Amino acid sequence: MVSPVSPTPSEPRQRLLRVASGLFYREGIKGVGVDRVLAEAGVTRATMYRHFAGKEALVAAYLEQEDATIRGYFAAAATTGGSPTELLELVIAGIADDARRYHDRGCPFINAAAEYADPESTVRQIVAGHRAWFRGALRDLAAAAGRPDPAQLAAALVLLRDAALVGVYLDDGDQVVAAFSATARQVAGLD
């Protein structure tokens with residue numbers, strides 16, 4: 001039996017999502033209109049609606065892509081063959097690197113949640129799902145590393161990550177990352 005092959009997303013869809021993602025992250029979701037996304041992506045409204053039911057579906061795809069990227073980082077780290085403690089160190093280093101290199105305007109999930117007040121909206125459901133997965137992945141890693149209270153450690157690391165991603169946007173990024181790294185390592189029992 002042949003396994004099904006996922007179709008490769010079309011180039012216009014990828015371009016639309018790439019442009020929308022950049023604009024949504026840099027300028028805010030509600031501050032960027034569909035017409036601007038279409039103009040900068042060089043696609044027609046019909047092309048957009050062929051791939052996305054509307055702006056909220058495009059926002060959902062942006063957040064799902066962010067979620068998939070972070071999950072991919074976790075999966076890649078897991079293939080290193082390191083011990084759970086080494087993986088915990090990699091996660092902390094990865095969060096610091098992410099805050100400095102890719103998310104220097106805050107957390108895309110926190111930013112999106114701030115713009116979508118309704119907890120039942122698709123956007124907020126994606127945010128909640130990502131945060132639950134992230135917290136669970138950290139808890140499982142902390143448990144595998146033999147930390148005494150894995151749920152508490154995971155909650156603390158999520159809180160520190162949130163603070164770091166907001167902090168690099170508001171304050172001196174190098175200082176924020178250094179403070180995050182030192183505090184996260186201490187909380188995780190790595191020092």
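Note that the structure is a prediction, hence the values are computed from the model and not measured.

### Regarding the overall build of the chain
A tally of helices and strands in the chain yields 9 helices and 0 strands. Going from N to C terminus, the chain has its helices and strands arranged as α-α-α-α-α-α-α-α-α. Viewed in the frame of its principal axes, the chain has a C-alpha envelope of about 55 × 55 × 30 Å. Looking at the chain as a whole, 43% of its 191 residues qualify as buried. Entry remark: accessible area of the chain is about 10000 Å², with carbon and sulfur atoms responsible for 56%. Of the charged side chains in the chain, 20 are positive and 23 negative; the average position of the first set lies 5 Å away from that of the second.

### Description of a nonpolar patch on the surface
Where nonpolar side chains cluster on the molecular surface, the patch consists of V166, Y169 and L170 and spans about 280 Å² of accessible area. Inspection of the secondary structure puts V166 in helix 8 (residues 150-170). Classification of V166 as partly exposed rests on a relative accessible area of 34%.

### A few points about the nonpolar core
Counting residues in hydrophobic clusters, the biggest one holds 61 residues, and the most contacted among them are L16, F24 and L63. Composition of this core by domain shows at least three residues from each of domain 1 (9-52) and domain 2 (59-188). The contact partners of L16, leaving out residues within four places of it in the chain, are V37, L38, A41, V43, M48, F52 and L58.

### Remarks on the UniProt feature "domain: HTH tetR-type" (unreviewed entry) in the chain
This chain's UniProt record puts "domain: HTH tetR-type" (unreviewed entry) on residues 10-70. Between the end C-alpha atoms of residues 10-70 there is a gap of 23 Å, over a span that is 79% helix and 0% strand.

### Remarks on the layout of surface pockets
In this structure, the largest pocket occupies an estimated 300 Å³ of space. As for the largest pocket, its lining consists of 14 residues, of which Y73, L90, V91, G94 and I95 are closest to the centre. Secondary-structure elements contributing two or more residues to the lining of the largest pocket are helix 4 (55-78) and helix 5 (84-101). For the lining of the largest pocket, the element with the highest residue contribution is helix 5, accounting for 7 residues. Here the residues of the lining of the largest pocket sort into 10 nonpolar, 1 polar and 3 charged. Approximately 240 Å³ is the volume attributed to the second largest pocket. What lines the second largest pocket is simply S21, G22, Y25, R26, Y62, Q65, E66, T69, Y73, D98, Y102 and H103. Going through the elements one at a time, helix 1 (11-27) and helix 4 are the ones with two or more residues in the lining of the second largest pocket.

### Digging into the packing of aromatic side chains
One pass over the full model with this rule turns up 4 aromatic pairs. Judged by centre distance (5.8 Å) and plane angle (80°), the ring pair of F74 and F134 falls under edge-to-face. Here F74, found in helix 4, pairs with F134, found in helix 7 (residues 122-144); they are 60 residues apart in sequence, far enough to count as distant. Across the pair, exposure class does not vary: F74 and F134 are buried alike. Taken together, the ring pairs connect F74, W133 and F134 into an aromatic cluster. The residue whose ring lies beneath K30 is Y116, and the NZ or CZ to ring-centre distance is 4.5 Å. Lying over the aromatic face of F134, R161 brings its terminal NZ or CZ to 4.8 Å of the ring centre.

### Remarks on the packing of helix 4 against helix 6 (residues 108-115)
The interhelical angle for the contact between helix 4 and helix 6, taken along N-to-C directions, is 155°, at an axis separation of 10 Å. When the axis of helix 4 is compared with that of helix 6, the two are roughly antiparallel. Taken as a pair, helix 4 and helix 6 cross one another with a handedness that is left-handed. Of helix 6, the residues touching helix 4 (which contributes Y62, L63, E66, D67 and I70) are P108, F109 and A112. A breakdown of the residues in the contact of helix 4 with helix 6 according to their chemical character gives 6 nonpolar, no polar and 2 charged.

Procedures and definitions
Residues numbered from 1 in each chain as written. Predicted model: local features only at pLDDT ≥ 70, side-chain atom pairs only at ≥ 80, totals over all residues. Heavy atoms only, no water. Helix = DSSP H or I, 4+ residues; strand = E, 2+ residues; numbered from the N terminus. Buried < 20%, exposed > 50% of the residue type's maximum accessible area, 1.4 Å probe, protein only. Areas by Shrake-Rupley, 256 points an atom, 1.4 Å probe, with all protein chains shown as cover. Lys, Arg positive; Asp, Glu negative; His and termini not counted. Charge placed at Lys NZ, Arg CZ, Asp CG, Glu CD. Patch = residues over 30% accessible without salt bridge, like charges linked within 9 Å, V, L, I, M, F, W, Y side chains within 5 Å. Salt bridge = Lys/Arg side-chain N within 4 Å of Asp/Glu carboxyl O. Core = buried A, V, L, I, M, F, W, Y, C linked by side-chain atoms within 4.5 Å. Domains from an automatic or database assignment. Contact = heavy atoms within 4.5 Å. UniProt positions renumbered as here; feature names shortened; annotations may be inferred. 1 Å grid on protein atoms, 1.4 Å probe; cavity = no way out; pocket = protein on both sides within 12 Å on 5 of 7 lines; lining within 4 Å. Points joined across faces, edges and corners; volume = space filled by probe spheres on them. Nonpolar A, V, L, I, M, F, W, Y, C, P; charged D, E, K, R; others polar. Phe/Tyr/Trp six-rings, centres within 6.5 Å; stacked < 30°, edge-to-face > 60°. Lys NZ or Arg CZ within 6 Å of the ring centre and 35° of its normal. Axes fitted to C-alpha atoms, helices over the stretch in contact; angles between N-to-C directions. Parallel < 35°, antiparallel > 145°, perpendicular 65-115°, else oblique. Left-handed = near helix turned anticlockwise from the far one by under 90°.

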